Amino acid sequence: EAGVAQSPRYKIIEKRQSVAFWCNPISGHATLYWYQQILGQGPKLLIQFQNNGVVDDSQLPKDRFSAERLKGVDSTLKIQPAKLEDSAVYLCASSSARPGLGSPLHFGNGTRLTVT
Amino acid sequence: TQLLEQSPQFLSIQEGENLTVYCNSSSVFSSLQWYRQEPGEGPVLLVTVVTGGEVKKLKRLTFQFGDARKDSSLHITAAQPGDTGLYLCAGEFDSGYALNFGKGTSLLVTP
(Lines give C-alpha, C1' and ligand atoms only; values in the text may rest on other atoms or scores of the structure.)
Protein backbone atom coordinates (compact mmCIF):
# COMPACT_ATOMS: atom_id res chain seq x y z
CA GLU A 1 0.00 0.00 0.00
CA ALA A 2 1.33 3.43 -0.91
CA GLY A 3 2.03 5.71 2.02
CA VAL A 4 0.99 9.28 2.70
CA ALA A 5 2.50 11.58 0.08
CA GLN A 6 3.46 15.17 0.84
CA SER A 7 5.00 17.92 -1.25
CA PRO A 8 7.15 19.86 -1.39
CA ARG A 9 9.76 18.33 0.93
CA TYR A 10 11.41 21.66 1.63
CA LYS A 11 10.35 25.28 1.24
CA ILE A 12 12.16 28.50 2.07
CA ILE A 13 10.21 31.76 1.96
CA GLU A 14 10.52 35.26 3.33
CA LYS A 15 8.22 36.50 6.07
CA ARG A 16 4.92 37.90 4.83
CA GLN A 17 4.99 35.64 1.75
CA SER A 18 2.46 32.86 1.24
CA VAL A 19 3.03 29.11 0.94
CA ALA A 20 0.96 26.00 0.31
CA PHE A 21 1.53 22.36 1.19
CA TRP A 22 -0.14 19.37 -0.41
CA CYS A 23 -1.04 15.96 1.04
CA ASN A 24 -2.37 12.79 -0.55
CA PRO A 25 -3.47 10.31 2.14
CA ILE A 26 -3.55 6.55 1.95
CA SER A 27 -6.34 5.43 -0.34
CA GLY A 28 -9.59 4.88 1.54
CA HIS A 29 -8.53 6.70 4.71
CA ALA A 30 -11.39 8.95 5.76
CA THR A 31 -9.59 10.84 8.51
CA LEU A 32 -6.83 13.31 7.66
CA TYR A 33 -4.74 15.44 10.01
CA TRP A 34 -2.28 18.28 9.66
CA TYR A 35 0.30 18.59 12.45
CA GLN A 36 2.97 21.23 13.03
CA GLN A 37 6.25 20.04 14.52
CA ILE A 38 8.67 22.70 15.73
CA LEU A 39 12.26 21.56 16.19
CA GLY A 40 12.70 19.69 19.46
CA GLN A 41 8.98 19.31 20.11
CA GLY A 42 6.26 16.78 19.44
CA PRO A 43 3.67 17.25 16.69
CA LYS A 44 0.90 19.75 17.46
CA LEU A 45 -2.49 19.22 15.82
CA LEU A 46 -3.58 22.01 13.49
CA ILE A 47 -6.68 20.55 11.87
CA GLN A 48 -8.56 17.27 11.58
CA PHE A 49 -10.84 16.28 8.68
CA GLN A 50 -13.36 13.48 8.54
CA ASN A 51 -13.94 12.95 4.81
CA ASN A 52 -14.22 16.54 3.57
CA GLY A 53 -15.62 18.00 6.77
CA VAL A 54 -13.62 19.74 9.50
CA VAL A 55 -13.84 17.96 12.88
CA ASP A 56 -11.38 20.03 14.90
CA ASP A 57 -9.55 23.23 13.93
CA SER A 58 -9.39 24.76 17.40
CA GLN A 59 -5.58 25.12 17.28
CA LEU A 60 -5.37 26.46 13.73
CA PRO A 61 -4.34 30.16 13.63
CA LYS A 62 -7.19 31.08 11.35
CA ASP A 63 -5.99 34.63 10.71
CA ARG A 64 -3.15 33.20 8.61
CA PHE A 65 -3.66 29.46 8.17
CA SER A 66 -6.30 27.76 6.04
CA ALA A 67 -6.86 24.18 4.96
CA GLU A 68 -9.23 22.35 2.71
CA ARG A 69 -9.93 18.79 1.70
CA LEU A 70 -11.92 18.83 -1.48
CA LYS A 71 -13.76 15.62 -2.40
CA GLY A 72 -12.54 14.02 0.82
CA VAL A 73 -9.19 12.91 -0.61
CA ASP A 74 -6.26 15.31 -1.13
CA SER A 75 -5.71 18.22 1.18
CA THR A 76 -3.87 21.53 1.05
CA LEU A 77 -2.64 23.68 3.93
CA LYS A 78 -1.91 27.34 3.26
CA ILE A 79 -0.14 30.02 5.25
CA GLN A 80 -0.64 33.66 4.30
CA PRO A 81 1.21 35.72 5.39
CA ALA A 82 3.99 33.65 6.95
CA LYS A 83 5.77 34.65 10.14
CA LEU A 84 9.21 33.65 11.40
CA GLU A 85 7.63 31.45 14.08
CA ASP A 86 5.93 29.35 11.40
CA SER A 87 9.27 27.70 10.64
CA ALA A 88 8.59 24.04 11.34
CA VAL A 89 7.91 20.67 9.76
CA TYR A 90 4.31 20.28 8.61
CA LEU A 91 3.19 16.68 8.85
CA CYS A 92 0.15 15.17 7.21
CA ALA A 93 -1.32 11.95 8.62
CA SER A 94 -4.26 9.75 7.73
CA SER A 95 -6.21 7.03 9.48
CA SER A 96 -8.77 4.49 8.40
CA ALA A 97 -10.94 5.04 11.48
CA ARG A 98 -12.24 7.88 13.58
CA PRO A 99 -10.25 8.90 16.67
CA GLY A 100 -11.12 7.21 19.91
CA LEU A 101 -10.68 3.71 18.58
CA GLY A 102 -6.91 3.51 19.08
CA SER A 103 -6.40 3.34 15.33
CA PRO A 104 -2.90 4.20 14.13
CA LEU A 105 -1.93 7.34 12.28
CA HIS A 106 0.09 6.97 9.11
CA PHE A 107 2.36 9.96 8.58
CA GLY A 108 3.99 11.42 5.52
CA ASN A 109 7.60 12.58 5.67
CA GLY A 110 6.53 16.18 6.08
CA THR A 111 7.37 19.54 4.53
CA ARG A 112 10.16 21.47 6.21
CA LEU A 113 9.33 25.18 6.06
CA THR A 114 11.93 27.86 6.76
CA VAL A 115 10.73 31.45 7.02
CA THR A 116 13.51 34.06 6.79
CA THR B 1 -5.55 20.49 24.92
CA GLN B 2 -4.48 17.83 27.41
CA LEU B 3 -0.80 17.77 28.30
CA LEU B 4 1.45 14.73 28.07
CA GLU B 5 4.75 14.87 29.92
CA GLN B 6 7.63 12.76 28.63
CA SER B 7 10.90 12.11 30.41
CA PRO B 8 13.76 12.23 30.02
CA GLN B 9 13.90 14.73 27.18
CA PHE B 10 17.32 13.49 26.02
CA LEU B 11 19.12 10.21 26.58
CA SER B 12 22.57 9.20 25.35
CA ILE B 13 23.70 5.65 26.09
CA GLN B 14 26.10 3.04 24.80
CA GLU B 15 25.15 -0.04 22.86
CA GLY B 16 24.04 -2.87 25.12
CA GLU B 17 22.62 -0.71 27.90
CA ASN B 18 19.01 -0.80 29.05
CA LEU B 19 16.77 2.25 29.28
CA THR B 20 13.27 3.34 30.22
CA VAL B 21 11.34 6.39 29.06
CA TYR B 22 8.15 7.65 30.62
CA CYS B 23 4.92 9.31 29.57
CA ASN B 24 2.33 10.64 31.97
CA SER B 25 -0.66 12.91 32.25
CA SER B 26 -3.02 14.16 34.94
CA SER B 27 -5.96 12.92 32.85
CA VAL B 28 -7.04 9.41 31.96
CA PHE B 29 -6.16 8.13 28.51
CA SER B 30 -8.75 6.23 26.51
CA SER B 31 -5.83 4.80 24.57
CA LEU B 32 -2.13 5.52 24.19
CA GLN B 33 0.27 5.00 21.33
CA TRP B 34 4.05 5.06 21.06
CA TYR B 35 5.75 6.25 17.89
CA ARG B 36 9.36 6.44 16.77
CA GLN B 37 10.55 9.21 14.48
CA GLU B 38 13.84 9.29 12.61
CA PRO B 39 15.34 12.50 11.17
CA GLY B 40 13.60 13.66 8.01
CA GLU B 41 10.75 11.19 8.37
CA GLY B 42 7.31 11.10 9.89
CA PRO B 43 6.55 9.21 13.11
CA VAL B 44 5.94 5.47 12.78
CA LEU B 45 3.64 3.59 15.14
CA LEU B 46 5.28 1.09 17.50
CA VAL B 47 2.37 0.02 19.68
CA THR B 48 -1.13 0.88 20.91
CA VAL B 49 -2.26 0.16 24.48
CA VAL B 50 -5.84 0.51 25.66
CA THR B 51 -6.27 -1.55 28.85
CA GLY B 52 -4.98 -0.45 32.26
CA GLY B 53 -2.07 -2.66 33.36
CA GLU B 54 -1.49 -3.90 29.84
CA VAL B 55 2.03 -4.99 28.88
CA LYS B 56 3.09 -5.44 25.27
CA LYS B 57 6.42 -6.64 23.93
CA LEU B 58 7.93 -5.89 20.55
CA LYS B 59 11.27 -7.73 20.31
CA ARG B 60 13.54 -5.83 22.75
CA LEU B 61 10.92 -3.16 23.50
CA THR B 62 8.46 -3.55 26.39
CA PHE B 63 5.52 -1.18 26.74
CA GLN B 64 3.50 -0.86 29.91
CA PHE B 65 0.24 1.01 30.49
CA GLY B 66 -0.44 2.12 34.05
CA ASP B 67 -3.33 0.62 35.98
CA ALA B 68 -5.05 4.00 36.19
CA ARG B 69 -4.41 4.67 32.49
CA LYS B 70 -2.63 7.95 33.26
CA ASP B 71 0.93 6.83 32.52
CA SER B 72 2.98 4.57 30.32
CA SER B 73 6.57 3.45 29.99
CA LEU B 74 8.78 2.11 27.24
CA HIS B 75 11.70 -0.11 28.22
CA ILE B 76 14.42 -1.05 25.75
CA THR B 77 16.70 -3.97 26.57
CA ALA B 78 20.24 -4.11 25.17
CA ALA B 79 19.90 -0.96 23.08
CA GLN B 80 21.39 -0.92 19.59
CA PRO B 81 22.44 2.02 17.38
CA GLY B 82 19.40 1.31 15.22
CA ASP B 83 17.19 2.27 18.18
CA THR B 84 18.37 5.89 17.85
CA GLY B 85 15.47 8.26 17.24
CA LEU B 86 12.76 10.40 18.80
CA TYR B 87 10.26 8.39 20.85
CA LEU B 88 6.85 10.01 21.07
CA CYS B 89 3.88 9.04 23.17
CA ALA B 90 0.45 10.11 21.97
CA GLY B 91 -2.78 9.84 23.89
CA GLU B 92 -6.45 9.94 23.17
CA PHE B 93 -8.39 11.47 26.06
CA ASP B 94 -11.93 11.62 24.74
CA SER B 95 -13.51 9.60 22.01
CA GLY B 96 -13.56 11.49 18.75
CA TYR B 97 -10.64 13.80 19.48
CA ALA B 98 -7.31 13.56 17.72
CA LEU B 99 -4.14 12.30 19.31
CA ASN B 100 -2.18 14.65 21.55
CA PHE B 101 1.57 14.15 21.40
CA GLY B 102 4.20 14.62 24.06
CA LYS B 103 7.43 16.48 23.30
CA GLY B 104 9.31 13.21 22.92
CA THR B 105 12.46 11.58 24.21
CA SER B 106 15.46 11.90 21.91
CA LEU B 107 17.55 8.73 22.20
CA LEU B 108 21.11 8.34 20.94
CA VAL B 109 22.74 4.91 21.10
CA THR B 110 26.45 4.90 20.32
CA PRO B 111 28.45 1.81 19.34
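Cut-off values and rules
- Residues numbered from 1 in each chain as written.
- Chains lettered and ligands numbered in written order.
- Predicted model: local features only at pLDDT ≥ 70, side-chain atom pairs only at ≥ 80, totals over all residues.
- Heavy atoms only, no water.
- Helix = DSSP H or I, 4+ residues; strand = E, 2+ residues; numbered from the N terminus.
- Rg over C-alpha atoms; globule rule 2.2 N^0.38 Å.
- Contact = heavy atoms within 4.5 Å.
- Phe/Tyr/Trp six-rings, centres within 6.5 Å; stacked < 30°, edge-to-face > 60°.
- Buried < 20%, exposed > 50% of the residue type's maximum accessible area, 1.4 Å probe, protein only.
- Pairing = 2+ DSSP bridges.
- Axes fitted to C-alpha atoms, helices over the stretch in contact; angles between N-to-C directions.
- Buried area = accessible area lost by both parts, 1.4 Å probe.
- Salt bridge = Lys/Arg side-chain N within 4 Å of Asp/Glu carboxyl O.
- Polar contact = N/O pair within 3.5 Å; in protein donor to acceptor, adjacent residues only side chain to side chain.

Participant: I'd love a proper account of the overall build of chain B, names of residues and values included.
Facilitator: A count of helices and strands for chain B gives zero helices and 11 strands. Helices (α) and strands (β) of chain B occur, in sequence order from the N terminus, as β-β-β-β-β-β-β-β-β-β-β. Taking 111 residues into account, the globule formula puts the C-alpha radius of gyration at 13 Å, and chain B, at 13 Å, falls close to it. The C-alpha extent of chain B, read off along each of the three principal axes, is 40 × 30 × 20 Å. A separation threshold of at least 6 residues defines the contact pool for chain B, and within that pool the share at least 24 residues apart is 54%.

Participant: Pulling in residues and values, what's your account of the packing of aromatic side chains?
Facilitator: For any pair of aromatic rings, geometry is given as the distance between the ring centres together with the angle between the planes. Under the criterion given, the structure shown has 10 aromatic pairs over all chains. The interplanar angle of 75° and the centroid separation of 6.0 Å between the aromatic rings of Phe-107 of chain A and Phe-101 of chain B together place this pair among those described as edge-to-face. Here Phe-107 of chain A, found in strand E10 (residues 106-107), pairs with Phe-101 of chain B, found in strand E10 (residues 100-101), and the two come from separate chains. Judged by its relative accessible area of 12%, Phe-101 of chain B is buried. When the centroid spacing of 6.5 Å and the interplanar angle of 45° are considered together, the rings of Trp-34 of chain B and Phe-63 of chain B count as tilted. Note that Trp-34 of chain B is positioned in strand E4 (residues 31-37) and Phe-63 of chain B in strand E7 (residues 61-65), a separation of 29 residues in sequence. A relative accessible area of 1% means that Phe-63 of chain B is categorised as buried. Clustering of aromatic rings is evident, with ring pairs tying together Tyr-33, Tyr-35 and Phe-107 of chain A together with Tyr-35 and Phe-101 of chain B.

Participant: Describe the sheet that holds strand E1 (residues 5-7) of chain A, and please don't skip the residues or the numbers.
Facilitator: Residues and elements named next belong to chain A. Spatially, four strands are ordered E1-E3-E8-E7 in an open sheet, and the strand pairing comes out antiparallel. If you trace the sheet from one side to the other, it starts and ends with E1 and strand E7 (65-68), each paired once. Mean inter-strand twist for the sheet, computed between neighbouring axes without regard to direction, equals 15°. Looking at chain direction, strand E3 (residues 19-24) and strand E8 (residues 75-79) are connected through five bridges and run antiparallel. Paired with Val-19 across the strands is Ile-79, a residue of E8.

Participant: Give a detailed account of the interface of chain B and chain A, specifying residues and quantitative values.
Facilitator: Taken together, the contact pairs 23 residues of chain B with 24 residues of chain A. Of the roughly 1,700 Å² buried between chain B and chain A on both sides combined, carbon and sulfur atoms contribute 51%. Summed over the shared surface of chain B and chain A, the number is zero salt bridges. Inspection of the region where chain B meets chain A yields six residue pairs in polar contact (both at pLDDT 80 or more). Sorting the residues of the side of chain B that touches chain A by element identifies E4, strand E5 (44-49) and strand E9 (85-92) of chain B as the ones contributing at least two each.

Participant: Describe the pairing of E8 of chain A, naming the residues involved and giving the relevant values.
Facilitator: In summary, the side chains of a regular strand alternate between the two faces of the sheet. Residues and elements named next belong to chain A. The buried count for E8 comes to four of five residues, which makes it a mostly enclosed element. Judged from the four bridges that link them, E7 and E8 form a sheet pairing that is antiparallel. Of the residues in E8, the one forming a bridge with Phe-65 is Ile-79. The antiparallel hairpin formed by E7 and E8 contains six residues in its connecting segment, where Lys-71 sits at a positive phi of about 60°.

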